[in-house]
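The primary structure of each chain is shown beneath.
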Amino acid sequence: KHHGFKGEILPWSRGVDREFLKPDGPCYQKSSYNKLPVVLCVGRVSEEKNLDDLCILQHEFEIRIVGDGPYLKELSQRYPAVIFLGYKQGKDLANEYACADVFCFPSRVDTFGIVMIEALSLGTPIAAYKVPGPIDIIEEGINGHMSDDLAKSIRIAMHYDRNRVQESSMKWTWENCWNIFKENLIPVI
């Protein structure tokens, strides 16, 4: 409305294909010798995703990054304790989400971050900065924690009830997306 749009403006959400994103077995064994909590990040590996803010925590958490991109080589050289898994999809990706203790979204510039609702759909709580994108998805105290300190947010989020986290994700379905669209179509005369 601030930009001159007239009429009613409604948010149109996103969804998760829960049939496609389904884990297929037990979680992997944590690879760290001291059983650090597993923190997952999924997405394009590029500088604007602010992955350094997560990777510097490589000795506090077992950090697993799924994805590929132009910053992968530099990041993997800089942070040797971080586990870079490359691109994954389907059951392989679902297993990573389901087995992580926390999903971290370190970006400060993404507008939505569908990877967050994918994590929630598998019961994995989110740690993020309190910026647009995360503030549209995370329900503080229910499915994630936001602050200017990612390590603190991770430590808080990892104690959330995974069943409650997964329940909070039920509004993020493609059926709901379709209903929002369908119910707001202007009838053609």
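Residues numbered from 1 in each chain as written. Predicted model: local features only at pLDDT ≥ 70, side-chain atom pairs only at ≥ 80, totals over all residues. Heavy atoms only, no water.

S.K.: Let's hear about helix H4 (residues 114-121): which residues, and what values?
M.R.: Here H4 lies mainly inside the structure; seven of its eight residues are buried. Turning to H4, its buried residues number three or more, namely Val-115, Met-116, Ile-117, Glu-118, Ala-119, Leu-120 and Ser-121. Those residues of H4 hidden inside the fold are in contact with strand E1 (38-42), helix H3 (90-99), strand E4 (102-105), strand E5 (126-128), helix H5 (134-137) and helix H7 (162-168). In the segment just after H4, Gly-123 is the residue with positive phi, at about 80°. (Buried < 20%, exposed > 50% of the residue type's maximum accessible area, 1.4 Å probe, protein only. Helix = DSSP H or I, 4+ residues; strand = E, 2+ residues; numbered from the N terminus. Contact = heavy atoms within 4.5 Å.)

S.K.: Describe in detail the pairing of E4, supporting the description with residues and values.
M.R.: Burial of E4 is two-sided: the residues Val-102 and Cys-104 facing one way and the residues Phe-103 and Phe-105 facing the other way are all buried. Relative to E4, E1 runs parallel, the two being bridged by two bridges. For Val-39, the partnering residue across the bridge sits in E4 and is Val-102. Sheet analysis places E4 next to E5, joined by three bridges and oriented parallel. Across the sheet, residue Phe-105 finds its bridge partner in E5, namely Ala-128. (Pairing = 2+ DSSP bridges.)

S.K.: Describe the nonpolar core, listing the residues and the values that go with them.
M.R.: The biggest cluster of nonpolar side chains holds 49 residues, and the ones touching the most others in it are Val-42, Ile-65, Leu-75, Tyr-97, Phe-103, Ile-126 and Ile-154. Of all the secondary structure elements, the ones that give two or more residues to this core are E1, helix H1 (52-55), strand E2 (62-66), H3, E4, H4, E5 and helix H6 (150-157). Apart from residues no more than four positions distant in its own chain, Leu-75 is found in contact with Val-45, Leu-51, Asp-52, Cys-55, Ile-65 and Phe-84. (Core = buried A, V, L, I, M, F, W, Y, C linked by side-chain atoms within 4.5 Å.)

S.K.: Residues and numbers for a nonpolar patch on the surface, please.
M.R.: Side chains of Trp-178, Phe-181 and Leu-185 sit close together on the surface and give an oily, nonpolar patch of about 310 Å² of accessible area. One can find Phe-181 in helix H8 (residues 174-183). Take Phe-181: its relative accessible area is 36%, and that puts it in the partly exposed class. (Patch = residues over 30% accessible without salt bridge, like charges linked within 9 Å, V, L, I, M, F, W, Y side chains within 5 Å. Areas by Shrake-Rupley, 256 points an atom, 1.4 Å probe, with all protein chains shown as cover. Salt bridge = Lys/Arg side-chain N within 4 Å of Asp/Glu carboxyl O.)

S.K.: Mind laying out the side chain of His-145, listing which residues take part and the relevant values?
M.R.: By the secondary structure assignment, His-145 is in strand E6 (residues 144-146). Polar side-chain contacts of His-145 include one of 3.2 Å to the side chain of Glu-140. Excluding anything up to four places from it in sequence, His-145 contacts Ile-126, Ala-127, Ala-128, Ile-138, Glu-140, Ser-153, Ile-156, Ala-157 and Tyr-160. (Polar contact = N/O pair within 3.5 Å; in protein donor to acceptor, adjacent residues only side chain to side chain.)

S.K.: Got a sec to walk through the packing of aromatic side chains? Specific residues and values, please.
M.R.: Overall, the coordinates contain one aromatic pair when judged by the stated rule. Between the aromatic rings of Tyr-97 and Phe-103, the centroid separation amounts to 5.8 Å while the plane-to-plane angle is 45°, which identifies the pairing as tilted. A single burial state applies to Tyr-97 and to Phe-103, both of which are buried. It is Arg-108 that lies over the ring of Tyr-129; its NZ or CZ is 3.6 Å from the centre. (Phe/Tyr/Trp six-rings, centres within 6.5 Å; stacked < 30°, edge-to-face > 60°. Lys NZ or Arg CZ within 6 Å of the ring centre and 35° of its normal.)

S.K.: Account for the pattern of salt bridges, naming residues and giving values.
M.R.: Counted according to the given criterion, the structure contains eight salt bridges. A salt bridge links Lys-49 to Asp-110, with the shortest nitrogen-to-oxygen separation between them at 2.8 Å. Highlighted residues: Lys-49 in the loop between E1 and H1 and Asp-110 in the loop between E4 and H4, separated in sequence by 61 residues. With a relative accessible area of 22%, Lys-49 lands in the partly exposed category.

These values are about where atoms sit, not about what they do.
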